[in-house]
Amino acid sequence: MTQNKSKRKDTSTAIPMTASSLQEAHGTIPYGMTNDYMFRAVLQANNKVLRGLVCSLLHLPESAIKSVQITNPIILGEAVQSKEFRLDINIVLNDHTLINLEMQVANKLNWQKRSVIYLCRSFDSLSHGQDYMDAKSAIHIGFLDYTLFDDCPEFYAAYKLMNIRNHHIYSDSIALNVVDLSRIDLATEEDKQYNIHHWAALFKATTWEEIRMLASKDEYLDEASNTIFQMSSDEQIRKQCRDREEYYQDMRNYERVLSERDLTIATYEKRIEDCDSIISGYEKELVNRDSAISNYEKELENRDSAISNYEKELENRDSAISNYEKELENRDSAISNYEKELENRDSAISSYEKELQNRDSAISNYEKELENRDSAISSYEKELEKLREEIESLKR
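What you see is a predicted model; the values in this text were computed from it and never measured.

The rules behind the values
Residues numbered from 1 in each chain as written. Predicted model: local features only at pLDDT ≥ 70, side-chain atom pairs only at ≥ 80, totals over all residues. Heavy atoms only, no water. Phe/Tyr/Trp six-rings, centres within 6.5 Å; stacked < 30°, edge-to-face > 60°. Helix = DSSP H or I, 4+ residues; strand = E, 2+ residues; numbered from the N terminus. Buried < 20%, exposed > 50% of the residue type's maximum accessible area, 1.4 Å probe, protein only. Lys NZ or Arg CZ within 6 Å of the ring centre and 35° of its normal. 1 Å grid on protein atoms, 1.4 Å probe; cavity = no way out; pocket = protein on both sides within 12 Å on 5 of 7 lines; lining within 4 Å. Points joined across faces, edges and corners; volume = space filled by probe spheres on them. Nonpolar A, V, L, I, M, F, W, Y, C, P; charged D, E, K, R; others polar. pLDDT = per-residue confidence, 0-100. Contact = heavy atoms within 4.5 Å. Core = buried A, V, L, I, M, F, W, Y, C linked by side-chain atoms within 4.5 Å. Salt bridge = Lys/Arg side-chain N within 4 Å of Asp/Glu carboxyl O.

Below, the discussion takes up the packing of aromatic side chains. Describing an aromatic ring pair means giving the distance of the ring centres and the angle of the ring planes. Counted according to the given criterion, the structure contains six aromatic pairs. Between the aromatic rings of Trp-199 and Phe-203, the centroid separation amounts to 6.3 Å while the plane-to-plane angle is 55°, which identifies the pairing as tilted. You can see Trp-199 and its partner Phe-203 sitting in helix α7 (residues 196-204), four residues apart, about one turn around the helix. Using a relative accessible area of 2% as the deciding quantity, one classes Trp-199 as buried. Here the aromatic cluster, defined as three or more aromatic residues joined through ring pairs, consists of Phe-39, Phe-143, Trp-199 and Phe-203. One Lys or Arg, Lys-48, reaches over the ring of Tyr-220 and ends 5.8 Å from the middle of that ring.

Our next topic: empty space enclosed by the protein. This structure, assessed with the given rule, holds three cavities of 30 Å³ or more. In this structure, the largest cavity encloses a volume near 90 Å³. Split by residue class, the lining of the largest cavity holds eight nonpolar, one polar and two charged.

Further remarks concern the confidence of the model for the protein chain. Taken residue by residue, the protein chain gives an average pLDDT of 88. The fraction at 70 or more is 94%. A low-confidence stretch, residues 1-15 stays under pLDDT 50, and its non-local contacts, those more than four residues away or across chains, total 18 contacts.

For the rest of this paragraph, the subject is the environment of Gly-77. Within the secondary structure, Gly-77 sits in the loop between β1 (68-70) and β2 (89-93). Judged by its relative accessible area of 12%, Gly-77 is buried. Gly-77 sits 315 residues away from Glu-392 along the chain, and the two C-alpha atoms are 98 Å apart. Ignoring anything within four residues of it in the chain, the contact list for Gly-77 reads Tyr-37, Gln-236, Ile-237 and Gln-240.

Another point: the nonpolar core. Ranked by internal contacts, the top residues of the largest apolar core, which has 56 residues, are Phe-39, Leu-57, Ile-91, Leu-101, Phe-143, Trp-199 and Phe-203. Phe-39 has contacts with Met-33, Ile-89, Leu-101, Glu-102, Met-103, Phe-143 and Phe-203, leaving out every residue within four places of it along the chain. Trp-111, Leu-119, Ala-138 and Ile-174 belong to the second-largest nonpolar core, a separate cluster that totals 10 residues.

Oppositely charged side chains may form a pair once their charged atoms are brought near each other. With the rule as written, the count across this model stands at 16 salt bridges. The partner of Glu-62 in a salt bridge is Arg-51, with the nearest N and O atoms 3.0 Å apart. Here Glu-62 is found in the loop between α4 (47-58) and β1, whereas its partner Arg-51 is found in helix α4, with 11 residues between them in sequence. Classification of Arg-51 as buried rests on a relative accessible area of 16%. With its nearest N and O atoms 3.9 Å apart, the salt bridge here joins Glu-209 to Arg-212. A residue pair is termed a helical-turn pair when its members lie 3 or 4 positions apart in one helix, as Glu-209 and Arg-212 do in helix α8 (residues 208-215) at three residues. Glu-209 sits in the partly exposed class, given a relative accessible area of 39%. Owing to a relative accessible area of 22%, Arg-212 belongs among the partly exposed residues under this scheme. One salt-bridge network, in which partners are shared between bridges, spans Lys-239, Arg-242 and Asp-243.

What follows is the structure in structure tokens.
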């Protein structure tokens with residue numbers, strides 16, 4: 001920001017004003033009345049200009065004004081110590097009405113509350129012990145170079161305390177007026193009757209040609225135009241105006257940076273919102289998957305139960321097979337005994353051959369039965385092997 005300041009060129013001092021009067025001046029004016037220091041300088045330097053402006057704004061004849069006194073004068077041309085110093089003008093009209101005039105060209109988005117606070121401060125002027133009836137009326141008049149309410153634009157608006165149902169005025173003690181310098185086109189016939197639109201045009205004028213044209217409208221505008229020329233001829237006044245322009249330029253730069261940062265923040269917030277939406281989707285998917293896993297776990301429990309039943313069935317079958325094997329061993333033992341008995345009875349072979357043939361046939365049947373049993377045992381063993389493999393698979 002400091003670098004920007006050093007590069008600024010002060011056209012008001014680089015090209016000194018060579019004209020000796022308003023009639024000789026031409027081209028762009030150094031600083032217009034929207035510069036709050038020039039606004040203050042002109043109205044403080046010339047009480048007639050101030051009286052004329054107040055008459056127009058309050059719809060008063062000049063004869064109604066006995067006195068207009070600025071209560072917060074500054075030393076014109078002297079440096080303002082703080083860039084944020086308020087240059088609004090506090091006035092006492094006819095010793096009984098407090099008026100606050102303020103020029104505001106930068107929209108800081110706080111005018112509604114700010115103007116109300118200033119108005120209340122002006123009205124709250126009683127000293128300790130004074131009667132409430134001694135309170136002076138207070139009027140705050142703001143000159144804005146932007147539209148305060150976009151949905152309800154108005155050139156010159158006046159606000160008072162009133163009943164919202166029947167519009168009965170509660171009190172004339174306080175009033176808040178706003179002049180929208182950007183909407184002179186909305187001036188009413190009443191505004192034009194009191195030349196308020198001409199004052200606004202004078203404040204917005206950027207060339208000496210415009211100033212001279214407006215100066216011809218009435219004596220107060222002529223007085224104001226010549227005072228603008230006098231103030232513009234003063235190098236110290238121009239310097240203070242330049243400082244105010246630099247201050248507001250810095251403010252605009254800061255506001256632009258803040259706006260860019262707000263945009264960046266909004267972009268990040270949108271990205272965060274999108275990420276939150278994606279995360280929400282993932283969380284829902286995780287919930288669905290957790291549900292699926294829960295179902296799988298229940299299915300595994302059911303299968304484990306089935307496997308347990310199969311294992312018990314296999315144990316029962318193994319027990320049966322063991323019993324069959326024992327029975328076969330007993331049978332084998334019996335056969336062995338029979339063979340010994342046959343050996344002992346070799347001498348009776350011929351007589352028992354027919355009997356042995358019958359016994360051999362029986363033995364053949366037993367052998368077939370044994371083969372069937374062996375086949376069954378082999379099938380059981382294969383089935384057991386498959387079950388063991390399934391169990392190992394499930395354990396993995």
